[in-house]
Each structure stands twice: as C-alpha cells, then as structure tokens.
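Structure at a glance
Take a look at the letters that make up each chain.
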Amino acid sequence: MARPRTTPGPAPAPGPPPFTVGQEVAIDALDEWMGFASLPLVFEAKPELRDLMSNGRTLHFRATDTAPETAAEWLVGLDGDTLTWSRTHGRATVAVRAPLAELLLLVYGRRTTHDARTTGSGNNSRSGNGNGGSNGIQIDGDVSLLDAWLDGVSFWLKE
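The following refers to the structure shown. From a predicted model like this one, the values you see are computed outputs, not experimental measurements.

So, on to the overall build of the protein chain. Counting secondary structure elements, the protein chain contains four helices and six strands. Along the chain direction, N to C, the helices and strands of the protein chain fall in the order α-α-β-β-β-β-α-β-β-α. The proportion of buried residues among the 159 residues of the protein chain is 40%. As displayed, the protein chain has an accessible area near 9200 Å², and 52% of this comes from carbon and sulfur atoms.

Let's shift gears to the packing of aromatic side chains. Here the distance between the centres and the angle between the planes together describe a pair of aromatic rings. Going through the model one piece at a time under the given rule, you end up with two aromatic pairs. Ring geometry for Trp-33 against Tyr-108: centres 4.9 Å apart, planes inclined by 55°, an arrangement best described as tilted. Residue Trp-33 is found in helix α1 (residues 23-37), and its partner Tyr-108 is found in the loop between α3 (100-107) and β5 (117-119); the two are separated by 75 residues along the sequence. Overall, Tyr-108 belongs to the partly exposed group, its relative accessible area being 22%.

Right, let's get into the pairing of strand β4 (residues 94-98). For a regular strand, side chains alternate in direction, first toward one face of the sheet and then toward the other. With four of five residues buried, β4 lies mostly within the body of the structure. Sheet topology places strand β1 (residues 58-63) next to β4; five bridges connect them, and they run parallel. Considered in β4, the bridge of His-60 is made with Ala-95. With four bridges connecting them, β4 and strand β6 (residues 138-141) associate as antiparallel partners. Within β6, the residue paired with Val-94 across the bridge is Gly-141.

A word on the nonpolar core. Core analysis: the biggest nonpolar cluster contains 38 residues, and Phe-61, Trp-74, Val-96 and Trp-149 have the highest contact counts within it. It is α1 that provides the largest number of residues to this core, a total of seven residues.

Relative to each other, α1 and α3 sit at 30°, their axes nearing to 10 Å. Once α1 is placed against α3, the crossing between them reads as left-handed. Contacts between α1 and α3 involve Gln-23, Ala-26, Ile-27, Ala-29, Leu-30 and Trp-33 from the former and Leu-100, Leu-103, Leu-104 and Val-107 from the latter. In terms of residue class, the contact of α1 with α3 is built from nine nonpolar, one polar and no charged.

Turning our eyes to something else, we now look at unusual backbone geometry. Look at Ala-71: it is not a glycine, yet its phi comes out positive at around 50°. In this structure, Ala-71 sits in the loop between β1 and β2 (73-77). Note on Ala-71: relative accessible area 35%, which makes it partly exposed.

Here we come to the pattern of salt bridges. If you walk through the whole model with that rule in mind, you get four salt bridges. Between Arg-97 and Asp-140 there is a salt bridge, and its shortest N-O distance comes to 2.3 Å. One end of the pair, Arg-97, is in strand β4; the other, Asp-140, is in strand β6, with 43 residues separating them in the sequence. Arg-97 gets classed as partly exposed once you look at its relative accessible area, which sits at 24%. Classification of Asp-140 by relative accessible area gives partly exposed; the value is 23%. In this structure, Arg-111 and Glu-102 form a salt bridge, with 2.7 Å as the shortest nitrogen-oxygen distance. Accessibility expressed as a relative area gives 25% for Arg-111, which makes it partly exposed. Its relative accessible area of 12% is what places Glu-102 among the buried residues.

Calculation notes
Residues numbered from 1 in each chain as written. Predicted model: local features only at pLDDT ≥ 70, side-chain atom pairs only at ≥ 80, totals over all residues. Heavy atoms only, no water. Helix = DSSP H or I, 4+ residues; strand = E, 2+ residues; numbered from the N terminus. Buried < 20%, exposed > 50% of the residue type's maximum accessible area, 1.4 Å probe, protein only. Areas by Shrake-Rupley, 256 points an atom, 1.4 Å probe, with all protein chains shown as cover. Phe/Tyr/Trp six-rings, centres within 6.5 Å; stacked < 30°, edge-to-face > 60°. Pairing = 2+ DSSP bridges. Core = buried A, V, L, I, M, F, W, Y, C linked by side-chain atoms within 4.5 Å. Axes fitted to C-alpha atoms, helices over the stretch in contact; angles between N-to-C directions. Left-handed = near helix turned anticlockwise from the far one by under 90°. Contact = heavy atoms within 4.5 Å. Nonpolar A, V, L, I, M, F, W, Y, C, P; charged D, E, K, R; others polar. Salt bridge = Lys/Arg side-chain N within 4 Å of Asp/Glu carboxyl O.

Written out as structure tokens, the structure reads:
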C-alpha cells in the first residue's frame, strides 16, 4: 500500500536576529552604566544597597571578544562608603566574562544570570544550568551578590 503524500506546512517563523552593537558604542554604554551605577543617588533610591557594601567585595566584568588593548574590563568596588568602578582587571568576589554585546545586555537587564553558565556560591549558583551558557556569559563567584547589585543599580530602568 502506498503512503499518502503530505505537503509540508509553512516554515516556522525565524527567531529575532541576534543583537549586534559596535564595539566603541558598547564600551561607551558600559562606561556610562558604571558611572550611573556609582552615583550617590543610587543609595538614596535604593538604601538597601548599603547592605552589599563589605570589605573586599568587588565585581569584575570582562569582554571575551575584544583585543587586549581595548581594555574592555570593569572592576566595581563595593568595599567603602560609595560604589566605585574603574576600567581595570582585578580579582573579584564575582567575575563575569562574556562577549561585549552580552555584557551590555546583562547590565541593562536584557539577559539574566539565569541565562548564564555559573559556578561559585550564592542562592542562584549552578553549574551549567540556565541555557547552558549558549550566549557566552560565564559567571564565577557569588551570583546572588551580582543579582542584588544588578537589581539595585538598575532601579531607573524599572520606573
């Protein structure tokens, strides 16, 4: 007995195109973000951020797809009376490595730590969970500290 011929249905709709941004624009946007995130106004709007401040606490963000001379690294200090940041490499309580565009999406809340491959400690610590790191975001260290900082300093995006 011959099988009936079937006509294929319409092709599935393609997903959204990948996010692209020029390197200079992305670095400038991250510099600006770090500047906003370290303004004294942050503590006025989110006093609970003071709870994150502790001796030796730092966050490190590094782009994995840029040349070393671009210095696409940011070190955020949570160990004083104010939030600080600099474009430098350093040991950190939490280290985030990702392609530059993905770092930008993470700090602007378009990606979450659940979208990353993570190792370390904290309430959200997991190894290989989320999307398995398919977006290239790797987080090592205290993920709950990173989540609390991202939530606290991004209050202006949510209003």
